[in-house]
Amino acid sequence: MKIASLIAALIATAALTASGQEGVIQDVKHDAKKAGETIKDGLETAGEKTKEAAKTVGKKTKETAETVGEKTKETGETVVRKTKETVDGAGKTASGATRKTHHKSSKSASKAKAQTTEEQTTDRDSNTSAPTPAP
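Residues numbered from 1 in each chain as written. Predicted model: local features only at pLDDT ≥ 70, side-chain atom pairs only at ≥ 80, totals over all residues. Heavy atoms only, no water.

Draft legend 1. Expanded view of the overall build of the chain. Scanning the chain from N- to C-terminus turns up one helix and zero strands. With 135 residues in all, the chain has 0% of them scored as buried. Element-wise, carbon and sulfur atoms account for 62% of the exposed surface of the chain, whose accessible area totals about 12,100 Å². (Helix = DSSP H or I, 4+ residues; strand = E, 2+ residues; numbered from the N terminus. Buried < 20%, exposed > 50% of the residue type's maximum accessible area, 1.4 Å probe, protein only. Areas by Shrake-Rupley, 256 points an atom, 1.4 Å probe, with all protein chains shown as cover.)

In structure tokens:
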């Protein structure tokens with residue numbers, strides 16, 4: 001009977017050990033599953049954060065591009081306006097110089113005409129005042 005009790009004890013011990021190992025294996029599987037879920041959740045969160053960051057970067061890039069476009073347009077308009085002002089100013093200066101030149105030229109022409117008329121009058125006076133010889 002001693003042998004039978006020993007065998008029964010060994011079988012009981014083996015059964016308990018197997019049962020205990022099964023519980024440990026179940027615990028390991030459960031913990032691994034939890035760890036996997038945690039990693040999955042972390043990756044999903046990281047994916048969402050990355051997506052949000054990409055949207056924000058896209059939005060900021062668009063805003064910056066619009067601002068740069070507006071500033072470029074304003075600069076172009078300013079350059080056009082300043083160029084036009086410069087051209088108009090140069091035209092007014094040239095126009096004023098032309099008027100002055102024309103005025104001086106007209107004045108000189110008038111003086112020359114007056115002198116010519118005066119000389120012609122003087123020549124006529126000298127021709128008419130001289131006695132003509134009688135034939």
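Draft legend 2. Structural detail: the pattern of salt bridges. Following the criterion strictly, the structure yields one salt bridge and no others. Across the pair E85 and R81 runs a salt bridge, and its minimum N-O distance is 3.6 Å. A residue pair is termed a helical-turn pair when its members lie 3 or 4 positions apart in one helix, as E85 and R81 do in helix α1 (residues 2-129) at four residues. (Salt bridge = Lys/Arg side-chain N within 4 Å of Asp/Glu carboxyl O.)

Draft legend 3. Here's a closer look at a negative patch on the surface. The grouping of E37, D41, E44, E48 and E52 at the surface amounts to a negative patch. Tracing the sequence through the fold places E48 in helix α1. (Patch = residues over 30% accessible without salt bridge, like charges linked within 9 Å, V, L, I, M, F, W, Y side chains within 5 Å. Lys, Arg positive; Asp, Glu negative; His and termini not counted. Charge placed at Lys NZ, Arg CZ, Asp CG, Glu CD.)

Draft legend 4. Focus on a nonpolar patch on the surface. There is a patch of nonpolar side chains on the surface, built from I3, I7 and I11 and spanning about 320 Å² of accessible area. Along the polypeptide, I7 turns up in helix α1.

Everything listed here is a matter of geometry and, on its own, says nothing about what the molecule does.
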